[in-house]
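What follows is the residue order along each chain.
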Amino acid sequence: MLITLHSENYEVTINSMGAELKSFRSPDGKEFVWNSDPTFWMRSSPLLFPTIGNVRNNVTKFNGQAYNMPKHGFCKDSEFEVTSQSDSHATFTLKASEETLASYPFLFELSLTYRLTGNALEMTYSVKNTDTKELPYHIGAHPGFMCPLEAGESLTDYQLVFEKEEALLATPYDLEQLCFSATRQVAFGNSGNILPLTPEMFDNDAVYFPHVNSRSVKLIHHD
């Protein structure tokens, strides 16, 4: 089910399947969210829970018992309940079920609230432990953006601008072992708060910065 939010002629669409952001349009019709083209990536903004990334052979263990766990967890393929809604906000909730317990033997309540105020979209994540034991989990965002935005532009016209100065040392991903290196680091550009973007950065999948000083980052055109 698709839910649409409106504020000052900005429009946001969320799919209750996965509580996934599918569209963010400006009043002039410009789309900022990745279009889910399956040729490249069929998702747009999956919610990662209760794990981020893949586990070895898609199997994890809790208290010595093995459970199948898909890459990034099960939320992206789970139908969420719309538990609160207005013209400019909506809350999507997923609770433990027979399906989730098959791969994650814990009781929980997970909510993602979208709130659109003018041209700003806020996404608030909430994890509630409804079990009697400790709840181990990862949670993550995975938004995809249309980049470049305009005809005639390229990825190299864009850069990441961090809130603070960064060493910009990334841990490379091993595509054969399906894990990040425990020993290697790769420098991307010079230390500072600006990281120019190039297609070659992503030759080995994701670029992972394990230690950052910033709590925010901007994706902007360099001009």
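Look a little higher up for the structure.
For the structure given in this document, a descriptive report is provided here.

1. Some remarks on the pairing of strand β9 (residues 108-117)
Looking along a regular strand, one sees side chains alternate from face to face of the sheet.
Here is step 1: Burial of β9 is extensive: seven of the ten residues sit out of reach of the surface.
Here is step 2: Relative to strand β10 (residues 120-129), β9 runs antiparallel, the two being bridged by ten bridges. Across the sheet, residue L116 finds its bridge partner in β10, namely L121.

2. Details of the layout of surface pockets
Gaps between atoms show up when a probe of the same size as a water molecule is rolled over them.
Here is step 1: One number sums up the size of the second largest pocket: a volume of about 220 Å³.
Here is step 2: Looking at the second largest pocket, it is lined by 19 residues, and the ones nearest its centre are T171, P172, Y173, V186 and N204.
Here is step 3: Listed by contribution, the elements that provide at least two residues to the lining of the second largest pocket are β14 (173-174) and β15 (179-180).
Here is step 4: Class assignment for the residues of the lining of the second largest pocket results in eleven nonpolar, three polar and five charged.

3. Some points on the side chain of S16
Here is step 1: By the secondary structure assignment, S16 is in the loop between β2 (10-15) and β3 (20-25).
Here is step 2: What S16 contacts, discounting residues up to four positions off in sequence, is M1, S78, E79, F80 and F92.

4. Concerning the sheet that holds strand β18 (residues 217-221)
Here is step 1: Read from one edge of the open sheet, three strands run β17-β12-β18, paired in antiparallel fashion. Each having just a single partner strand, β17 (192-196) and β18 make up the two edges of the open sheet. Sheet twist, expressed as the mean angle between neighbouring strand axes with direction ignored, is 25°.
Here is step 2: With four bridges joining them, strand β12 (residues 158-166) and β17 adopt antiparallel strand pairing.

5. Observations concerning the sheet that holds strand β8 (residues 89-95)
Here is step 1: Within the open sheet, the four strands sit side by side as β7-β8-β9-β10. Their pairing is antiparallel. Both outer strands of the open sheet, β7 (81-85) and β10, are each paired with one neighbouring strand and no more. Neighbour-to-neighbour, the strand axes of the sheet open up by a mean angle of 20°, direction not taken into account.
Here is step 2: The sheet contact formed by β7 and β8 spans four bridges and is antiparallel. Opposite V82, over in β8, you have F92 as the bridge partner.

Conventions and cut-offs
- Residues numbered from 1 in each chain as written.
- Predicted model: local features only at pLDDT ≥ 70, side-chain atom pairs only at ≥ 80, totals over all residues.
- Heavy atoms only, no water.
- Buried < 20%, exposed > 50% of the residue type's maximum accessible area, 1.4 Å probe, protein only.
- Helix = DSSP H or I, 4+ residues; strand = E, 2+ residues; numbered from the N terminus.
- Pairing = 2+ DSSP bridges.
- 1 Å grid on protein atoms, 1.4 Å probe; cavity = no way out; pocket = protein on both sides within 12 Å on 5 of 7 lines; lining within 4 Å.
- Points joined across faces, edges and corners; volume = space filled by probe spheres on them.
- Nonpolar A, V, L, I, M, F, W, Y, C, P; charged D, E, K, R; others polar.
- Contact = heavy atoms within 4.5 Å.
- Axes fitted to C-alpha atoms, helices over the stretch in contact; angles between N-to-C directions.

Nothing here speaks to function; it is all geometry.
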